[in-house]
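Observations on the three-dimensional arrangement
If you want the building blocks of each chain, they are given just below.
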Amino acid sequence: MPDVSLRSLSKSYPGARGAKHHALHDVEFTVPDGEFAAILGPSGCGKSTTLRIVAGLERTDTGSISIGGRDVTAVPSSERGLAMVFQNYALFPHLSVAENIVFGLKVRHLSKDERNTRLAEAAKQLRLEPYLDRRPGQLSGGQRQRVALGRALVSGAQLILMDEPLSNLDARLRAEMRTEIRELQQRLGLTVLYVTHDQVEAMTMADRVIVMRDGGVDQIASPEELYARPASAPVARFIGSPPMNLVEAARDGLDLVLGDGTRLDATELFAGHAAELPSELLVGIRPEDVLVGRAPADRTLGPALSIPAVPGRQELLGADRLVTYLVGGERVHVRVKASDPLPVVDTLRVPMHQVHLFDRATQHRIEPAPRETLAAIA
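Here we summarise the structure given alongside this text. (Residues numbered from 1 in each chain as written. Predicted model: local features only at pLDDT ≥ 70, side-chain atom pairs only at ≥ 80, totals over all residues. Heavy atoms only, no water.)

1. Looking at the overall build of the protein
- Of regular secondary structure, the protein possesses 10 helices and 22 strands.
- For the protein, the spread of C-alpha atoms along the three principal axes comes to 75 × 50 × 50 Å.
- Expressed as a percentage of its 378 residues, the buried residues of the protein come to 47%.
- A sequence separation of at least 24 residues applies to 67% of the contacts in the protein between residues at least 6 apart.
- Taken as a whole, the protein presents about 18500 Å² of accessible surface, with 50% of it coming from carbon and sulfur. (Helix = DSSP H or I, 4+ residues; strand = E, 2+ residues; numbered from the N terminus. Buried < 20%, exposed > 50% of the residue type's maximum accessible area, 1.4 Å probe, protein only. Contact = heavy atoms within 4.5 Å. Areas by Shrake-Rupley, 256 points an atom, 1.4 Å probe, with all protein chains shown as cover.)

Take a look at the structure:
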């Protein structure tokens, strides 16, 4: 079964004047059989290097890789039982679509009947039957990407590695291809390791997301978990559209003190944490969790943190409107329905259970205490 396990992977490259550039350090994760896992992160975080090591195109300095329970750390790429889809398609311009798809099968000397059978199956799955006699130059970007995907499928590999395969497509086509790839993966039961810098791709396609930063793994979680409980401030800044607002604040007794000296009553917020909080904090607020106005707290939402704010620029996003406020001297984005009248207010409210706290020094999330713990303390 093509589950994938990485253990303590490290990789470095020679740098200037004999120094070393550490591309990866202690990367560990497991992708179970049949799962779609996305490696997400900004440029230079090590995600493509990780994929190339799994593919056997790069050697790791330390650590090990196993596929289907078999250690493949020193096994050549051609013997790892996987297929790869690249960002630039890597199609032969002088060959037809059909010849491109079955090229690898010809190299492996499969019979013509077997090649034709696999070609017909892949062409039907990817809706490429009308284009089999065309050259890549006669196809659109989305069609060329499907040809590259077809070449991976006919290989018979159950493990597919994809390195930013949709980045060359326009926005509408990317959305269509996301749906097609995900449906295909689920229908065929493939194990997919998908590299992307686009959090929308990761959140909409993956069963599990591996967030990388500076050569290491920041968090591994489902899309729902990443959104609801980011493990660090960098993850919070990366996930969400727009991402989470992070406002610097200091703890002073039962108050939060913002950068401009504004004091917020945080008695109920701090009461939700059993452990002693650090003095320097980051307060995280999702744009869509902010309630605009001074209206009393909704009983279904519970108590809310009231924040003085100065309204500023507005951006229309179609069904929604993005409003920028100044809070403690920092910009805070608020997402509201475009059809709702937007009152000119000087107070924002956020339900307490939707306020995230991070340690400003370590950037780590500060988890609220479980209710049982709070009840015992009380």
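2. Digging into the sheet that holds strand 13 (residues 263-265)
- With antiparallel pairing, the 6 strands of this open sheet are ordered in space as 13-12-11-14-21-22. With partners counted over all chains shown, the strands left at the sheet margins are strand 13 and strand 22 (365-366), one partner each.
- For strand 11 (residues 245-252) and strand 12 (residues 255-258), the ladder comprises 4 bridges, and the chain directions are antiparallel. Bridging from a neighbouring strand, Ala249 pairs with Leu258 of strand 12. (Pairing = 2+ DSSP bridges.)

3. So, the pattern of salt bridges
- Across all of its chains, the model carries 19 salt bridges by this definition.
- Across the pair Glu280 and Arg360 runs a salt bridge, and its minimum N-O distance is 2.7 Å. Of the two residues, Glu280 sits in strand 14 (residues 280-285) while Arg360 sits in the loop between strand 21 (355-359) and strand 22, which places them 80 residues apart along the sequence.
- Overall, Glu280 belongs to the partly exposed group, its relative accessible area being 34%.
- In this structure Arg360 comes out as partly exposed when scored by relative accessible area, which is 25%.
- Note that Asp320 and Arg335 form a salt bridge whose closest N and O atoms lie 2.9 Å from each other. With Asp320 in strand 18 (residues 320-327) and Arg335 in strand 19 (residues 330-337), this residue pair connects regions lying 15 residues apart in the sequence.
- A relative accessible area of 23% means that Asp320 is categorised as partly exposed.
- Residue classification places Arg335 among the partly exposed positions, given a relative accessible area of 23%.
- In this structure, a network of salt bridges that share partners links the residues Glu225, Arg229, Arg365 and Glu367. (Salt bridge = Lys/Arg side-chain N within 4 Å of Asp/Glu carboxyl O.)

4. Some details on the layout of surface pockets
- One number sums up the size of the largest pocket: a volume of about 730 Å³.
- What lines the largest pocket is a set of 22 residues, and nearest its centre among them are Leu82, Ala83, Met84, Gly104 and Ser155.
- Mapped by element, the contributors of at least two residues to the lining of the largest pocket are strand 6 (82-85), helix 2 (97-107) and helix 4 (141-154).
- Top element by residues in the lining of the largest pocket is helix 2. It accounts for 5 residues.
- Of the residues that constitute the lining of the largest pocket, the class distribution is 15 nonpolar, 5 polar and 2 charged. (1 Å grid on protein atoms, 1.4 Å probe; cavity = no way out; pocket = protein on both sides within 12 Å on 5 of 7 lines; lining within 4 Å. Points joined across faces, edges and corners; volume = space filled by probe spheres on them. Nonpolar A, V, L, I, M, F, W, Y, C, P; charged D, E, K, R; others polar.)

5. Re empty space enclosed by the protein
- Taken as a whole and assessed by the stated rule, the structure comprises 2 cavities of 30 Å³ or more.
- Looking at the largest cavity, its volume works out to about 80 Å³.
- Together, Val247, Leu258, Leu264, Val283, Ile285, Val290, Leu305, Ile307, Val327, Val332, Leu348 and Val350 line the largest cavity.
- For the lining of the largest cavity, the secondary-structure elements that each account for two or more residues are strand 14, strand 16 (304-308) and strand 20 (347-351).
- Here the residues of the lining of the largest cavity sort into 12 nonpolar, no polar and no charged.
- Put simply, the second largest cavity is a space of about 40 Å³.
- In terms of lining, the second largest cavity is formed by Leu149, Leu153, Ile160, Met162, Ile181, Leu184, Gln185, Leu190 and Val192.

6. Points about the environment of Ile53
- Relative to the elements of secondary structure, Ile53 occurs in helix 1 (residues 47-55).
- Placed 167 residues apart in sequence, Ile53 and Ile220 show a C-alpha to C-alpha distance of 19 Å.
- Beyond its immediate sequence surroundings of up to four residues, Ile53 is in contact with Leu9, Lys11, Leu24, Glu58, Thr60, Ile65 and Arg80.

7. A short note on the nonpolar core
- Membership of the largest hydrophobic core comes to 48 residues, with the highest contact counts inside it found for Ile101, Ile160, Met162 and Ile181.
- Looking at which element gives the most residues to this core, the answer is helix 4, with 6 residues.
- Once residues lying within four places of it in the same chain are set aside, the contact partners of Ile160 are Ala83, Val85, Ala152, Leu190, Thr191, Val192 and Leu193. (Core = buried A, V, L, I, M, F, W, Y, C linked by side-chain atoms within 4.5 Å.)

8. A closer look at the sheet that holds strand 6
- The 6 strands lie next to each other as 6-7-8-3-9-10, forming an open sheet whose pairing is mixed. Single-partner strands in this sheet number two, and they are strand 6 and strand 10 (216-221). With strand direction ignored, the average angle separating the axes of adjacent strands in the sheet is 20°.
- Judged from the 5 bridges that link them, strand 7 (residues 159-163) and strand 8 (residues 191-196) form a sheet pairing that is parallel. Bridge pairing links Asp163 to Val195 in strand 8.
- With respect to the sheet, helix 4 is in contact with strand 6 and strand 7, its orientation differing from that of strand 6 by roughly 170°. (Axes fitted to C-alpha atoms, helices over the stretch in contact; angles between N-to-C directions.)

9. Remarks on the side chain of Gln219
- Secondary-structure assignment places Gln219 in strand 10.
- Within the structure, the side chain of Gln219 is placed 2.7 Å from the backbone nitrogen of Ala231, a separation counted as a polar contact.
- The contacts of Gln219, once residues within four sequence positions are left out, are Val209, Ile210, Val211, Glu225, Leu226, Arg229, Pro230, Ala231 and Val235. (Polar contact = N/O pair within 3.5 Å; in protein donor to acceptor, adjacent residues only side chain to side chain.)

So, to be careful, I would describe these as geometric facts and stop short of saying anything about function.
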